[in-house]
Amino acid sequence: MLFTPGPTAVPSEVREAMAQPQPNSAVQPEFADRYHRLCDDLAAVYDTDHDVIVPGGEGILGLEAAIASLVAPGDRVLCLSNGIYGDGFADFVTDYDGEAELVSAPYQEGYDLDAIKDALAAAEEANEPFTLATLVHCETPTGTLNDLSPVLDLLEEYDVLSVVDAVSSLGGTPVPTDRIDVCLGASQKCFSAPPGLTTAAVSDRAWAAMEEREPTSLYTNLLPWRDVSEGFPYTHLDANVAALAKAVSRLREEGIENVYDRHERAGERCRQRGRELGLSLYPDEERASPTVTAFHMPGEAKRIQQRVEDDHDIVLATSLGDLANDILRVGHMGYNADGEKVDRVMDAIADVIA
C-alpha cells in the first residue's frame, strides 16, 4: 500500500488508460485533441483564465523551466523560503546566472512578511527591482501549507512577477492561481497519475516577460508550449498524457469542491489519530496541509517507516535533508485522501509504536 506524498497510488482506471494504444503525438490529430481537452480540464481545476500547458517532464522540470524562461543573467529574484523547495528555487536562479535574494523563515513557521516587505522596499529604494519572486504553497518535506495571499498582496503592490510551486497542493486544496503568474503542478501528487508531466498556468504578463528573454534551452523553456497548433516542441509522453487526462476527469466528475472537502477530512482524520497516539506535528497545526501530514519523531522516523513497511506492507515517507530521520510523512493526497485508508495507516503506526 503506497501512502507517500508523491508519487501516489494510481487508481486502476488511470493505469488502464495509460495501457491503451496511444495516438502518435507528432502526426495524429487525435493526440492534439486529447491534449487540449486535458488543458481545458486542468484550467477548471486551477480555476483560472490563465493559459494552461502540460510539458513532458517530472514536476521539477516546471520549477527549473519557470526560472530558465523568466530569468536573464543579472536579474534579481526574491526567493521566499520556509523549506527545502523554497531554498531550491534560489539554487535554480543562481544556475541561470540570476541574483537570488533569499528571505528565509524557520521551517516550522510561515513566511516572514515583515522581512519580505523590507526586501521589496529596499530594492525599490535602491532602484534595483526584483524581476520576480518565487514561493512554495505546500512544503511537502515538512507538511506545511503556506498562506500565499498576504505575500501576493505585497508582490502586486511592488509589481513583481510570481512563480509558485503548487506541486503537492494543486488538486487537493484551493490555490489562488489567478493571482499567480506561473503556477506549477505535477501529475504524480494530488492528481494520482504516474510521474512524468508538469502542469503550468501562465499569465499574459508572464508570457510577455518570457518573450523578452533570449532562450537558453528548449527543454527547460515554457514559451514553446504557448502555441502548439503547429506541433509540440518535442515528442510528447503520449501514455502519460492519457493517464493524466483520465485522472483529471475523475476529479472533475467528483466535483472539485468535493475533492477539497475529502482532502480536509482525510487530513483532519490523520491528525486526530496522531493526537490520540501522542504524536506531534512538525508544523504548527494551523499550517498543516490537507494533503500530507508530517509527524515529528526525532531520530526515529526511518526506523518506524521501515517497521510499518516490513510488518504491514504500507510504504510511508520520511523527510529530506537534515530532517530525514526526524519526520514521518503520511501522504493522504489524491486517491489516498480517504478516511478508511488513513485509519489503516494509522493503525499500523500505532502497532509499531506499541
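Look up a bit, the structure's there.
None of the values given here were measured: they were computed from a predicted structure.

Chemist: Go over the overall build of the protein, please, and point to the residues and values.
Modeler: Helix and strand counts for the protein stand at 11 helices and 13 strands. Relative to the globule expectation of 20 Å for 354 residues, the C-alpha radius of gyration of the protein, 20 Å, shows essentially globular dimensions. With respect to the principal axes defined by its C-alpha atoms, the protein has extents near 60 × 55 × 30 Å. Each of the 354 residues in the protein was classed as buried or not, and the buried ones make up 57%. The contacts in the protein between residues at least 6 apart in sequence include a share of 71% that link residues at least 24 apart. One way to put it: in the protein the 26 positive side-chain charges average out to a point 8 Å from where the 63 negative ones average out.

Chemist: Give me the sheet that holds strand 4 (residues 132–136): which residues, what numbers.
Modeler: Strands sit in the order 1-9-8-7-4-2-3 across an open sheet of seven strands; the sheet is mixed. Each edge of the open sheet is held by one strand with a lone partner, namely strand 1 (51–53) and strand 3 (99–104). Between one strand and the next, the sheet's axes are offset by a mean angle of 20°, whatever the strand orientation. Against the sheet, helix 4 (residues 84–95) makes contact with strand 2 (76–81), strand 3, strand 4 and strand 7 (161–165), and its axis sits at roughly 165° relative to strand 3, the strand it touches most. Here helix 5 (residues 113–125) sits on the sheet and contacts strand 2 and strand 3; the angle it forms with strand 2, its principal contact strand, is near 175°.

Definitions and limits used
Residues numbered from 1 in each chain as written. Predicted model: local features only at pLDDT ≥ 70, side-chain atom pairs only at ≥ 80, totals over all residues. Heavy atoms only, no water. Helix = DSSP H or I, 4+ residues; strand = E, 2+ residues; numbered from the N terminus. Rg over C-alpha atoms; globule rule 2.2 N^0.38 Å. Buried < 20%, exposed > 50% of the residue type's maximum accessible area, 1.4 Å probe, protein only. Contact = heavy atoms within 4.5 Å. Lys, Arg positive; Asp, Glu negative; His and termini not counted. Charge placed at Lys NZ, Arg CZ, Asp CG, Glu CD. Pairing = 2+ DSSP bridges. Axes fitted to C-alpha atoms, helices over the stretch in contact; angles between N-to-C directions.

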